[in-house]
Amino acid sequence: CGRGPGGCRGGRTDMALRCAASLAAGRQPRGPRREGTVRWSSAAKASAVKINEKASREKILTLESMNPQVKAVEYAVRGPIVLKAGEIEKELLKGIKKPFTEVIKANIGDAHAMGQRPITFLRQVVALCTYPNLLDSPSFPEDAKKRARRILQGCGGNSLGSYTASQGINCIREDVASYIERRDGGVPADPDNIYLTTGASDGISAILKILISGGGKSRTGVMIPIPQYPLYSAAISELDAIQVNYYLDEENCWALNVNELRRALNEAKAYCNPKVLCIINPGNPTGQVQNRKCIEDVIHFAWEEKLFLLADEVYQDNVYSEGCQFHSFKKILYEMGPEYYNNVELASFHSTSKGYMGECGYRGGYMEVLNLHPDIKGQLVKLLSIRLCPPVSGQAAMDVVVNPPVPGEESYAQFVKEKESVLSNLAKKAKLTEDLLNKIPGVHCNPLQGAMYAFPQIFIPSKAIEEAKAHKMAPDMFYCMKLLEETGICVVPGSGFGQREGSYHFRITILPPVEKLKILLEKVKDFHIKFLEKYA
C-alpha cells in the first residue's frame, strides 16, 4: 500500500533504509511483521544497496583536501612516541605481558600528574571563587576569602561562570602589573599592557599571528633557538611563516651567542624578512639560565636589527644552580636606558603551569607587551576577542601567583613552606638527574641550571642508525621507541626539538618523585648499555 508504520507514506523508503543497515551489518533483512514468511524482492534489495552506496560517498575533508599548514604542524611533546605509550598502557590494562608494569610518562612538564601536591592557598582561592557559598565557611582563611571576593567583584554577576573582558579581568591585570614591578625592583608596569591568556602558549600564538605577513622573500621570518620548544615550530608552520634557526652552544652549557644570531639573520635575509626573535629563558628543553650580559647583548642586537622580541619566561621561578639568577628582559631593557626602553618592542610571557605552582590544567597565563603601536593595540584586542576571554578559573589562578600571601597574613607561613619545598625538591632532582645521566657511558648532560628537563646528548652506533633508516625513523626516535618498548619509559627524541646535524638527544623531565626518578634513570642506564652492546 506504500504506507509505513502508523499509516504514514514513505514506508517503502523506511524499509529500504532498514534493509541497508541490515546488509551493512551482515544480517539478513526482515520485512514488516506479517503472518508467514516474507521475502524481499530484487528491486527492494537493489534500492537498499543503492542507498547504502550513497551513504558512504567520498569525504569532503581528506588528507589531500585539508589545510596544508595544519598538516605540516608537528608537536613532538605529544607526538608518535606518546601515542605509542598510550597503546602500551591499553595493552597493560588488558593483561598483555610486558617487561615492565607501568608506562612512566617523562615526556612532559606536567607536575601534578607526576605527584607534585598543589599549593594550598592557590586552590583555596580558586575554590572560593568557584563556589562562593564557601566564603561563609570557617575552614577557609580570611586572606584567601579577601582575594576571592576581589576577583568575584571583577566578574559579571559576581560569578566565575561569566565572560570577562577579552584582555582579562581588570583587577587581575592590576595585580600582574604590581607583581612585575616588585619582581623587577620598581620598574614601572602598566595594566593596559597586560593581556591575560590561556596559558603562555595562547599569548605566543596570538603575537606571532599578528606579526606574520608578506609573501615570497618578504614573508616574515621568525628566529627561534635550536633546540626549541615545539610550540614555536608548530605555530610557525600553521601560520605559514619562515622558521629561522639559531643554534645554542652545547659546548658552552647551551649559551646564546650573538655572533650565531647574526649568522642566522644574515643568511635568512636571502629568502625571507626576519623580524621576530624568540628567546626561552630559562631554556626548554636545555635548562640554561641566561646571564645579564647575554640579555643585554640580545636586546642590543634586536634594537640594532629592528627585531620584535618575544621572551618566554615561564620558568622564571625554576632556577637551581649556584651563581645563576633570573633576569627579566623587561628589567634589563629598562636599565639599558630610554633609547632602548622606549623603542624595542617586547612581549614577555608567564604561566601558572610551571614554577612552583604546576597548575597546567587551569590554563592561566599573561603577556606584557611593550612599545606596541597604538593602532596595533586595538588590532591585538580584536584578535583576542575572537576567543572571547581566557578561562576565568585560570585567570583566578594567575592572580594568586602574582598576588600571594604576604608577611602578616595568616596563610603566609604555610605558603612559603610549600613553595620552598617544591623548589628545593626540584633543585635536588635537577642535580640528581645531571649526575646520574653523566655516569652512563655514551651519554653527556650539561648542568641543569633551571626549568624542568634534562636534554642529554646520546651516542647512537652506526648499526642502530642504519636500522633506524630501514624503519624510516630518525635515529633518536628509534632509540626512544626502543626505550619505551623495553622499559616503559616515555621520553621525547631530540629531533622533535631540533639539534645540530649528526648529534642525538632526548628530553626527560625531572618531575617524578626522587625515588621514582632514581629507578627511572637506572633503567635508562641499563637500557643504554644494552643498546650499545647490541649495535656495537
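Residues numbered from 1 in each chain as written. Predicted model: local features only at pLDDT ≥ 70, side-chain atom pairs only at ≥ 80, totals over all residues. Heavy atoms only, no water.

Asks: Any chance you could explain the environment of C324 here in plain terms?
Replies: Locating C324 in the fold gives a position in the loop between β6 (308-312) and α12 (329-335). Under the relative-accessibility criterion, C324 is labelled partly exposed at 23%. On a C-alpha basis, the gap between C324 and G450 in space is 8.7 Å, while along the polypeptide they are 126 residues apart. Apart from residues no more than four positions distant in its own chain, C324 is found in contact with V289, V319 and Q449. (Helix = DSSP H or I, 4+ residues; strand = E, 2+ residues; numbered from the N terminus. Buried < 20%, exposed > 50% of the residue type's maximum accessible area, 1.4 Å probe, protein only. Contact = heavy atoms within 4.5 Å.)

Asks: Honestly, the nonpolar core in this entry has me stumped. Any pointers?
Replies: Generally speaking, a soluble globular protein has its nonpolar side chains buried in company with each other. Counting 123 residues, the largest nonpolar core has L122, I207, L208, V222, L310, Y366 and F506 as the members making the most contacts within it. Examining the composition of this core, we find that eight residues originate from one element, helix α19 (residues 514-535), more than from any other. With sequence-adjacent residues up to four places away left out, L310 is seen in contact with I207, L208, L211, V276, L277, C278, I279, A347 and F349. (Core = buried A, V, L, I, M, F, W, Y, C linked by side-chain atoms within 4.5 Å.)

Asks: So what exactly am I meant to see when it comes to the packing of aromatic side chains here?
Replies: Two measures describe an aromatic ring pair: the distance that separates the ring centres and the angle between the ring planes. Within the structure shown, the criterion is met by 13 aromatic pairs. Where Y334 meets Y341, the ring centres are 4.7 Å apart and the plane angle is 85 degrees; that geometry is what we call edge-to-face. With a centroid separation of 5.6 Å and an interplanar angle of 35 degrees, the aromatic rings of F527 and F531 are classed as tilted. In this pair, F527 and F531 are both assigned in helix α19, four residues apart and thus about one turn of the helix distant. Across this residue pair, the class does not change: F527 and F531 are buried. An aromatic cluster is present here, built from F478, Y479, F506, F527, F531 and Y535 joined pairwise through their rings. (Phe/Tyr/Trp six-rings, centres within 6.5 Å; stacked < 30°, edge-to-face > 60°.)

Asks: What am I meant to see in the confidence of the model for the chain here?
Replies: Close reading of the predicted structure is inappropriate where its pLDDT is low. Chain-level pLDDT for the chain is 89 on average; 89% of the residues reach the 70-or-more range. Here residues 1-13 scores under 50 on pLDDT; set against residues more than four positions off or in separate chains, the count is ten contacts. When the criterion is pLDDT under 50, residues 31-36 qualifies, and its contacts beyond four places in sequence or with other chains add up to four contacts. (pLDDT = per-residue confidence, 0-100.)

Asks: Explanation requested: the pattern of salt bridges in the structure shown.
Replies: Pairs can form between side chains of opposite charge whenever their charged atoms are close. Counted according to the given criterion, the structure contains 26 salt bridges. Between K145 and E142 there is a salt bridge whose closest N-O contact spans 3.6 Å. On the criterion of helical spacing, the pair formed by K145 and E142 is a turn pair, its members being three residues apart in helix α6 (residues 142-153). Three or more residues are tied together by salt bridges with common partners; here these are R262, K269, E304 and E305. (Salt bridge = Lys/Arg side-chain N within 4 Å of Asp/Glu carboxyl O.)

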